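Results of the structural survey
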Amino acid sequence: MAETFQLPPTTIQQFTLPNGLRVILSKDQSTPVVSVAVYYDVGSRNEKEGRTGFAHLFEHMMFQGSENVPKAAHFQHIFNAGGTMNGTTSTERTNYFETLPANHLPLALWLESDRMRSLKVTQENLDNQRNAVQEEKRLRYDNQPYINAFLRINELIFKNPANAHSTIGSMEDLDAATIDDVREFFRVFYAPNNAVLSIVGDFDEQEARSLVEKYFADVPGQPEPPPVDVSEPGEVARTQETYYDKLAPAPAFVLGWKIPSRRTPNYYALTLAAELLFEGDSSRLYQKLVKGDESVVSIQGGVDERRGPSAWYIFALPKPGEEVAVIRQQIFDEIESLGTLGPSEAEMEKLRNSLCNDAVRGRQSTMYRAQRIAEYALYDGDPHLIDSELDQYLRVTADDIRGAVSRFLDVDNRVVLDIIPAALVEEEEDLSEAESSQRAGEAKQPAAPAPPVPAAQSSSVALPGAAQGGNGQVHISSQQPAETSKQTDSGPSPFVS
Amino acid sequence: MTPQQSFRQQAPAPLPPRPIHIPRTSETSLANGLAVVIVEDSRLPLVSYRLAFRAGDAHDPPELPGLTDLLTGLLTEGTESLTSRQIAEEVGRMGATLSSGANSDYTTVGASSLATFSDKILDLVADVTRNPSFPENEVELIKQNTKESLRQQRAQPSFLATEMVSRVVFGKHPYSVIAPTLESLDATTRERIVKFHRSKFLPNNAVFVIAGDVQSDALLKRIESLFGDWQPGELSKDDFPAPPSRASRSAYLVDRPGSAQSNIVIANTGITRTSRDYFPTLLMHTVLGANASSRLFMNLREEKGYTYGAYSSLDARRTAGTFRASAEVRTPVTGDSLKEFFYELDRIRNEPVSEKEMMDAKSYLTGVFPLRLETQEGLIDQLVQIKMFDLPDDYLETYRQHIHAVTIEEIQAAAREYVRPDQAAIVIVGDGAEVLEQLKPYTDAIELYNTAGKRKEKPAANSEFKSESHPALIVGDWTIDIQTPFGKNISATLKVWQTESGLTGSIASEMGDANIVSASLVGNSFTAALSFEMGGQAMAAKIAGEVDGTKIDGNISLQDSPELPFTGTKTS
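Residues numbered from 1 in each chain as written. Chains lettered and ligands numbered in written order. Predicted model: local features only at pLDDT ≥ 70, side-chain atom pairs only at ≥ 80, totals over all residues.

1. Structural notes on the sheet that holds strand S6 (residues 206-212) of chain B
Across a sheet, paired strands are connected by hydrogen bonds in the backbone, their directions being either parallel or antiparallel. All names here are of chain B. Spatially, six strands are ordered S1-S2-S6-S3-S5-S4 in an open sheet, and the strand pairing comes out mixed. Two strands bound the open sheet, and with one partner strand each, they are strand S1 (26-29) and strand S4 (97-102). Neighbour to neighbour, the strand axes of the sheet diverge by 15° on average, direction disregarded. Docked against the sheet, helix H3 (residues 118-130) engages strand S3 (46-53), S4 and strand S5 (107-114), running at close to 160° with respect to S5. Sitting on the sheet, helix H8 (residues 216-227) touches S1, strand S2 (35-40) and S6, and the angle it makes with S2 is about 150°. (Pairing = 2+ DSSP bridges. Helix = DSSP H or I, 4+ residues; strand = E, 2+ residues; numbered from the N terminus. Axes fitted to C-alpha atoms, helices over the stretch in contact; angles between N-to-C directions. Contact = placed C-beta atoms within 7 Å.)

The following block contains the structure:
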C-alpha cells in the first residue's frame, strides 16, 4: 500500500526496576479512568508434556489470595471501587488487568504486587481451582458443539507438542499437578523479571512511578526461565481427519494452515488475506457463499498470532442438505484465485482504510492500549509498536499478499477437519475406539447452539461477563447473515443500570 | 516472600478524585421534528452516528412478531440506488461500519468511520434509512436464515428460559413475545415490510446522535439537506395491556430431558425505566445480585459452589419491567439453589442492608459510570437511552448525585415493593424427571411444558420397565400431526410392519421421507430410529410415542434438534 497514516501519538514513558520488572506508563487525561495490565511471559507454550493446562490453572490460582488479600477479595476490592477486571491465558502469555476510576490506581498496584510477591499456594486452593477449571472445561468446551474440534485442529497443524496442545489442557494432566509443581511454576514464571506492567490513563507520571516503586521494588527477581523451543517443520502433522461431535447439530468443517510467525512480512500479508476472504459483509467468501449461493449458514475464520509458527483458519457451517465437498472446493478455489491474481485495487483501498479505522477506534479504550502496549513490550521489547506497527501493515503490497497466499495457503501445510454429528453415525455403527476417544463431547444435552463461534484459545478465569481482554490470540470474525447488530440492547439487558 | 511492610496490610486509600467531564452536547431539531444531538470530540479522527426511532419489537403487529427485526435486518440489503453488495463494498472500502438493530422499545441505524469519510458514511445512513428497497430475494433469504437461527435458539436453554419468563410475567403485554414464529415469518411479505417501514420510520419519532471529530454547523447543514424533506407522520401512542398481577407463587418447568444443568429464573413484574423508584431499586439490585461481589454470587457460587454465577437483573423498559434472579446450576442442586435464592430474596426484604453494603454499591455504580463514557459508542449509548426513554436532559450530570442520595430505608422499601418471592414465577429449564421433586417444596402450582412451549402432564420418563407387548399395537398405517415450535403443523404418514428380524417401516412427510432403521415396542411405548436422505446426506431422526388403541402421542426429533410433539391416529 506504500503509504503511512499518522496516528495520534501515544505518550510512552518506560523504565525497568532493579528486580527486572519492565514498566510502561502512558498518560492520557481524556477520561478519569486508569487501566492496569500485568503480562507474565508464560503460556501453554511453556508447558511440559504431561503438564498441559498448567498455565491456565495457575491463572485461577492468582485469584485465590495472597499474604494481605484474602481469597476472592481481589474482585470485591475492584468492584467496590467501581472497576472491572479479569485474567486470560493464551499460548504466549498470561495476563491480568483492571480498569478503575483514576484515583484508585494505588489499589490496583497493591493488589497486583501482593500476588506477585506472596501468592498463597495451598493444597486446598489447588484442589478447589482444579475443580473450577474442570467445571469451566465442561461448560465452555465439552458442552459446546464444534469447540473441541476447533481445539483438535491445532494438534493436526503443529508437530511440536509445545505448539499443538490446547491452553485448557487435559483432565489427566490437571489431576496430576502437585502442590510442588505449582510452587515451582510460581517461582520460575511469576517473577518480576518475567513480567511487564503497563498503566494507561489519567495519572501524574511522577506519582505513578513512585507508587510502582513502592509496591513492586522489593519483589525479588529470579533466574531467567528456561528457553522455549517452538520450532516447527513447514508441513503439518496430519492433513485430514474426521471428528465425531456429539453436540453438533449439523456437519461442518475446519480448514487450517501453518503460517509464519507474527511480525514477519508474510504474516502481515496473510492477516490481510484473511480480511479479504472472510472479514465482514464485503469479504469474498461471505459474498460468494452466504449471499451468492446461499449455501452456508456462516463462514468464519481467524489468525492465531504467535511468536513462533502461527496458524490460519476457516470454519464453515453449510446449510442442511448442501454438499460439503463442493463448498470446500469453492473455498480452495477462491484462495487459489487470490494467490494467482492477487487483490484488486479496490480491495487494497479497503484494507488500508479498515487498518486505519481499527487502529484509531481501538485506542479510544485505555484497556485496549494497556494490553497492546504490554504485549509489544513483552514480545518485542518495543511498546512504541502500538503506533508504528500500523505502517508495517500499510507497506504490504498486493503482490506481497498474492505471493504469501500462494506460498503459505497451500496443500502441504493444510489440514482438513470434517466435523460429523456423532448422532448420525451411532445409528448405523459403533464408533471405533480410536475415533470415539478423540474426545467427542460428552454432554448429553440435546442440542446446540446459536451459530458456533469457535473459542479463542485464551480462557478467562474468574467471571462470565466481566470485561474480557480484547486481544485474545485468535482473532475470530463472525458473519451471520440474519444477525443485525443489537447495539441498542442496553435497554432490556439484564445488567442495565 | 518479601518481608512484610505495614503499608501492605490493608488496601490503600484512593488518591483525590479526578473531575469527570461530562461531554457537552448541543441539541437542535429540524422542522420535520427530527431531533439532532451533537457531541464535538476531536481527540481522535473518528465519527460515530446513531439514528434511533421510538419503535421496537413491542410495536410489531400482534400477528407478525419479528417484523421489526426483519425490517432492520433488511435496511442494509438494498436501496433504490444501491444493491446489497454495493452497500457492503462501499462500507468496506471506507473501513467503516454500518448496521441496524432493534430492541423491544426502539430501533437504531448506526455507523462509524474515520473522520475523512464522515460525509460519505452519513449519506449511506440517510439512504438505507429513507430509501430501502427490500428486494424480494433478500426478503426470502432473511426469512430463511431467521428460521435457521430460530431452530438453533430453541436448542438453547437460556432462550427457552427467557421465552417462558417473558410469557408468564408479561401476559398480554407485547414484551411477552421474544421471537418470531415460523408462521409469522411465512406470513411476512415484502409489502407488509414496506408499509411498516413507512409508518414507523418517521422523523418526528426519531433522534439522531452524532459524536466525534465533526463541525456542528457544517454537519447540521448536511443533515438538513439529507433529512430536511422527510415528511413527518402521525404517531401512535403506546397503549399496551398491563402485565398481569399474580397472587401467589407458581412454577413453570420446561422439561429438557438429559439437561446437565437447570436454568433457574425467579421473576416478578418490576419498574419502568422512568420510575421514580429507579435509583433505590438499582442500589437494591446492586447489593443483591448485580455483580460478583453481590449477595447472590457470594452465596450460590463462592460459598455453595452450585454455579458459575448467580445474579439478579433489573429489566426496566419503556412501558413495563421485571425483576429477576437467575443462575444455571448443576441439576442435583436445583432445590438447594432455590432454597438459597429464597433465603436471599427474603433477607433483602426483611432486613435493612448494612451501611457498608450500601456504600460499596454506591461506589461501584458511581465508579463504573465514567468507564461507559470512554468511547464514542459508549457515550452514544447513554445519549440514545436518555432520548428513547425520555430521561431528563441532565441525566448524566446528575446520575452520581441520584446514586448518593439513596438511603438504606429507600433500598428496603424498593425491595419490599419489587422483590416479591411469594408472588414470583419460578421458571426452570432442566431435566423434568430430576427437577420436579426438588421443586415441589417451593410451590404446589407447577405447570410442565415441553421445549416447544406446550403444556404436558408429566416429565419424560427415564426408563421405566414395561413388559413385552404385542406388535399388533403399532403395526399399520398412522396419520400423524407434528407440532413445530412455530405454530405450523407438519402432517406425515407413518407405516410400520413386521419382518422376521423385527419391526420396520417408513415415514413420509412434506419435510422428506425416511426409513425406520431400528424400532422397538415395550408395553405401549414405541421408539424408532429413522434415517432421512437430504441432499445426498443421511440425517438421523428419532421418534417415540405412546400407543393408546388407535391413538398415538409422542415426540419426534431430527438429529439433535429439540423434540417436536405429535399426535396421530391409526388409519389401517
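2. With respect to the confidence of the model for chain A
Across chain A, the average pLDDT comes to 83, with 83% of residues at 70 or higher. Contacts of residues 427-497 of chain A to residues separated by more than four positions or lying in other chains number 219 contacts, the stretch itself having pLDDT below 50. (pLDDT = per-residue confidence, 0-100.)

3. A closer look at the nonpolar core
Within the largest apolar cluster, 135 residues are counted, with the highest numbers of intra-cluster contacts made by B:Val427 and B:Ile428. Filtering out sequence-adjacent residues up to four positions away, B:Ile428 remains in contact with B:Ala251, B:Leu253, B:Val254, B:Ser262, B:Asn263, B:Ile264, B:Thr334, B:Val435 and B:Leu439. In this structure, A:Leu156, A:Ala274, B:Val214 and B:Ile380 belong to the second largest nonpolar core, which totals 125 residues. (Core = buried A, V, L, I, M, F, W, Y, C linked by C-beta atoms within 7 Å. Buried ≥ 20, exposed ≤ 12 C-beta atoms within 10 Å, placed from the backbone.)

4. Digging into the pairing of strand S2 (residues 22-27) of chain A
Residue and element names in this part refer to chain A. Judged by how many residues are buried, S2 sits mostly within the fold: five of six residues are covered. Pairing of strand S1 (residues 13-16) with S2, which is carried by four bridges, proceeds in the antiparallel orientation. The partner of glutamine 14 across the bridge, within S2, is isoleucine 24. Here S1 folds back onto S2, and the loop between the two strands holds five residues, one of which, glycine 20, carries a positive phi near 100°.

5. Quick look at the sheet that holds strand S12 (residues 446-449) of chain B
All names here are of chain B. Taken in spatial order, the seven strands of this open sheet run S9-S10-S8-S11-S7-S12-S13, and their pairing is mixed. A strand with exactly one partner marks an edge of an open sheet, and here the two such strands are strand S9 (307-316) and strand S13 (455-456). As paired elements, S9 and strand S10 (residues 321-330) share eight bridges and run antiparallel to each other. Each bridged residue has a counterpart across the sheet, and for leucine 314 the counterpart in S10 is phenylalanine 323. Contacts from helix H16 (residues 432-439) reach strand S7 (250-255), strand S8 (261-269), strand S11 (425-430) and S12, with the element oriented near 165° to S7.

6. What about helix H13 (residues 376-388) of chain B?
Residue and element names in this part refer to chain B. Between its first and last C-alpha, H13 extends 18 Å over 13 residues, near the 18 Å set by a 1.5 Å rise per residue. When we look at burial in H13, the residues that qualify are Gln376, Leu379, Ile380, Asp381, Leu383, Val384 and Met388. Contacts made by the buried residues of H13 are with S2, S3, S5 and S6. (Expected span 1.5 Å × (residues − 1).)

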